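A structural walkthrough
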Amino acid sequence: MSKSVARQLAESLEAHDVDRIFCVPGESYVGLTSELIERNSMQLIVCRHEAGAGFMAVADGRLRNRAGVAMVSRGPGLANAMVSLHSAFHDATAMVMLIGHVERRDIGRQALQEQNYSRLLSDITKQVIEVIDPNQASEAIARAFHTAETATPGPVAVILPEDIFDQQTDATIDQPRARIASAPREQDLDQLAALLTAAERPLILVGGALLAEAVHDQAVFDALTRLSEDWFLPICPTHRRPQLFDADHPNHGGYMGIRVPPKQIGAMKRADLMVALGERLTDTVSQSYNFPTAPEPQLPLIHVWPDANEVGRVWRPNLGIPASPTEVINGLLRRGAPAAAERRREWISELHDIHLELLAKDWEPTSDGINFAAIVCEVDKHLAPNATITTDAGNFASHIHRYIGFRQGQMFLASVVGAMGSGTPMAVAAALRRPGTQVVAFLGDGGTLMTGNEIATAIQYGVNPIIIIADNGMYGTIGMHSYVRYPDRPFMDGTRLTNPDFAAWGRSFGAEAITIRYESEVADGIAQAFAVKTRPVVVHCLTSAMQMSAWRRYTEGEVLP
Ligand SMILES: Cc1ncc(C[n+]2csc(CCOP(=O)(O)OP(=O)(O)O)c2C)c(N)n1
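Each value, and the rule that gives it
Residues numbered from 1 in each chain as written. Predicted model: local features only at pLDDT ≥ 70, side-chain atom pairs only at ≥ 80, totals over all residues. Heavy atoms only, no water. Helix = DSSP H or I, 4+ residues; strand = E, 2+ residues; numbered from the N terminus. Rg over C-alpha atoms; globule rule 2.2 N^0.38 Å. Buried < 20%, exposed > 50% of the residue type's maximum accessible area, 1.4 Å probe, protein only. Contact = heavy atoms within 4.5 Å. Areas by Shrake-Rupley, 256 points an atom, 1.4 Å probe, with all protein chains shown as cover. Pairing = 2+ DSSP bridges. Right-handed = clockwise from strand over helix to strand, strands pointing away. Near = heavy atom within 4 Å. Polar contact = N/O pair within 3.5 Å; in protein donor to acceptor, adjacent residues only side chain to side chain. Nonpolar A, V, L, I, M, F, W, Y, C, P; charged D, E, K, R; others polar. Axes fitted to C-alpha atoms, helices over the stretch in contact; angles between N-to-C directions. Parallel < 35°, antiparallel > 145°, perpendicular 65-115°, else oblique. Left-handed = near helix turned anticlockwise from the far one by under 90°. Phe/Tyr/Trp six-rings, centres within 6.5 Å; stacked < 30°, edge-to-face > 60°. Lys NZ or Arg CZ within 6 Å of the ring centre and 35° of its normal.

1. What about the overall build of the protein?
When helices and strands are tallied, the protein shows 20 helices and 21 strands. For 561 residues, the compact-globule estimate of 2.2 N^0.38 gives 24 Å, and the C-alpha radius of gyration of the protein, at 24 Å, lies within 12% of that figure. Viewed in the frame of its principal axes, the protein has a C-alpha envelope of about 70 × 60 × 45 Å. The buried share among the 561 residues of the protein stands at 59%. Taking the intrachain contacts of the protein between residues at least 6 apart in sequence as the baseline, contacts between residues at least 24 apart amount to 77%. Approximately 21500 Å² of the protein is accessible, and the part contributed by carbon and sulfur atoms is 49%.

2. With respect to the pairing of strand β6 (residues 127-130)
When β6 meets strand β7 (residues 155-161), the two strands line up parallel, connected through 4 bridges. By the bridge assignment, I129 is partnered in β7 with V158. A crossover links β6 with its parallel partner β7, the connecting element being helix α6 (residues 137-149), and its sense is right-handed.

3. Details of the site of the ligand
The full set close to the ligand counts 16 residues, and G418, D445, G446, G476 and T477 are the nearest of them. Note that a nitrogen atom of the ligand is positioned 2.8 Å from one of the backbone N or O atoms of G418. Between the ligand and M474, the relevant distance is 3.0 Å, taken from an oxygen atom to a main-chain nitrogen or oxygen of the residue. Of the residues contributing to the shell around the ligand, the split by class is 6 nonpolar, 9 polar and 1 charged.

4. Some thoughts on the packing of helix α13 (residues 372-382) against helix α20 (residues 522-531)
Interaxial distance between α13 and α20 falls to 10 Å at its minimum, and their mutual angle equals 45 degrees. Compared by their axis directions, α13 and α20 come out oblique. Relative to α20, α13 is oriented so that their crossing is right-handed. Residue-level inspection shows A374, I375, E378, V379 and H382 of α13 in contact with α20, the latter providing V522, A523, I526, A527 and F530. When the residues that make up the contact of α13 with α20 are grouped by side-chain class, the tally is 8 nonpolar, 1 polar and 1 charged.

5. Some details on the sheet that holds strand β10 (residues 235-237)
Read across the sheet, 5 strands follow the order β10-β9-β11-β12-β13 without closing on themselves; strand pairing throughout is parallel. Both edges of this open sheet fall to β10 and β13 (319-321), since each of them pairs with a single strand only. Within this sheet the neighbouring strands show an average axis-to-axis angle of 15 degrees, counted without direction. Judged from the 3 bridges that link them, strand β9 (residues 202-206) and β10 form a sheet pairing that is parallel.

6. Details of the packing of helix α9 (residues 218-231) against helix α11 (residues 325-335)
One way to put it is that α9 packs onto α11 with a least axis distance of 10 Å and a crossing angle of 45 degrees. Classed by the angle they form, the pair α9 and α11 counts as oblique. With respect to the hand of their crossing, α9 and α11 are arranged in left-handed fashion. The segment α9 lies against α11, with V220, A223, L224, R226, L227, D230 and W231 engaging T326, I329, N330, L332 and L333. The residue makeup of the contact of α9 with α11, split by class, is 8 nonpolar, 2 polar and 2 charged.

7. Regarding the environment of K269
The residue K269 is located in the loop between α10 (262-268) and β11 (273-277) in this model. Residue K269 is classed as partly exposed on the basis of its relative accessible area of 44%. The spacing of K269 and P292 is 23 residues in sequence and 9.0 Å in space, taken between C-alpha atoms.

8. Regarding the packing of aromatic side chains
Within this structure, the stated rule accounts for 10 aromatic pairs. A ring pair is formed by W505 and F509, whose centres lie 5.2 Å apart and whose planes are at 80 degrees; its orientation type is edge-to-face. Of this pair, W505 and F509 both sit in helix α19 (residues 502-509), separated by 4 residues, roughly a single helical turn. The buried category is assigned to W505, whose relative accessible area is 16%. Among the aromatic residues, those joined into a ring-pair cluster are F372, F396 and F442. Taking the ring centre of Y486 as reference, the NZ or CZ of R489 above it sits at 4.5 Å.

So yeah, pure geometry; function would need other evidence.
Given below as structure tokens:
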């Protein structure tokens, strides 16, 4: 039976289990919007900025272990959304972005808002699929999801010309392709088991691919914990994946985040074997390509990542296993732990003791505003075992990683590549996806005004994240970098910010708002924030600029470690 392309697209999205799309409407795709509204089979979340819509889709994808879906208009709409595509691409996060386009007969004329998407998006998407033939609309959706979710996940753009939605097609609905999981070869598992058996000081890095598999499957977390306990292996969650292993588990070997503190990284560097398990390995995780050194690692490296194109791309591993990390864990468990594994107890304790020392909830008070550590430690007391925490990008986030002891049932969402503006939208998406659970966003004052307007979206759709703003009156991270490199220049110059009253700003959206000015107000202020259940809460914290991060403080021309 012949039907419109709009209907064909809607049915294809339904077949792919899409229940929510984040969008900013555009005239280039009203044909599709109108069909989606009429069918009412999926929720359209109308956002305030395409970056917000994009980041919500990224977060939703992570929360579902499916590609999240955003829908934006051509030209300016896409330009606004590109930060989220870039972030998803670098973070290996599945996402499908539907993008309106000019009419097919105008393509190439530089028609209103026209762009050449294949050229524009070639370095921040896995694929750009242009739908020119109405009969290929459904196939395009199936390919987009499959490509986005397979091997190294990432964003796929589907380009939909404005005149295609009312065209007719007889094509059948292209059903979702089965999810592919690649299993490790038995000889590779044998070799891995032999290397792990021989190692005196192994280090197991766990990252995003494992997290994706664990999101809906507690058995994955359990298998990792069992492997660690049976084989006596220290587990080090990587940058922005802290919830992969309980922070207080005695086998936690330290968080392999951005710029690991010297004491911890010094101990880690005594390792005689590194296994990157579901971690792509990046600039950040590898401490700027220094651990492991690229391209030739200074210690034997085993790289497990579900994509053969990635394993060996930057580093030369001694053993590369292009497979599901969960399958590798299960393969090792099947083999049974080596007899003398317990000898590694001391090595694990050495790493774990430093980890605990770094997690300790102590900080020095600051004279120019609250040390953000005080806020974060107070929040940690209120966090439920199933809470979601999101952070924007900025040095304030170092306090979250230093002071919050994450647990496996908690969810942590952020842009791994450090895109500002991700924190609020990700919190809104999480609050929509996990109703009735705590969702807390941590933001800097810089990132707040990039996409904080999505509080309006939270209000519109009735969800209630807690938004905590570290207002230090500057783009603090950049101030720190600038100071470290050019210590003689006046501190804060070029990074200073004049801010609104964020509490008043929050109230103007309809949120509850609390201002915390002094450390003595922290406990009450945070308790009040957690007591509000019926609308979003903005917690405006007047924080220290001198405390440049959880690890560094500016004092009279000195950078303390
Ligand atoms: C979209 C985007 N623009 C610029 C940057 C560069 N950048 C990284 S952190 C930062 C400052 C963040 O300031 P703020 O949100 O106030 O947090 P703080 O560093 O003060 O803790 C900037 C500008 C970025 N990462 N992302």
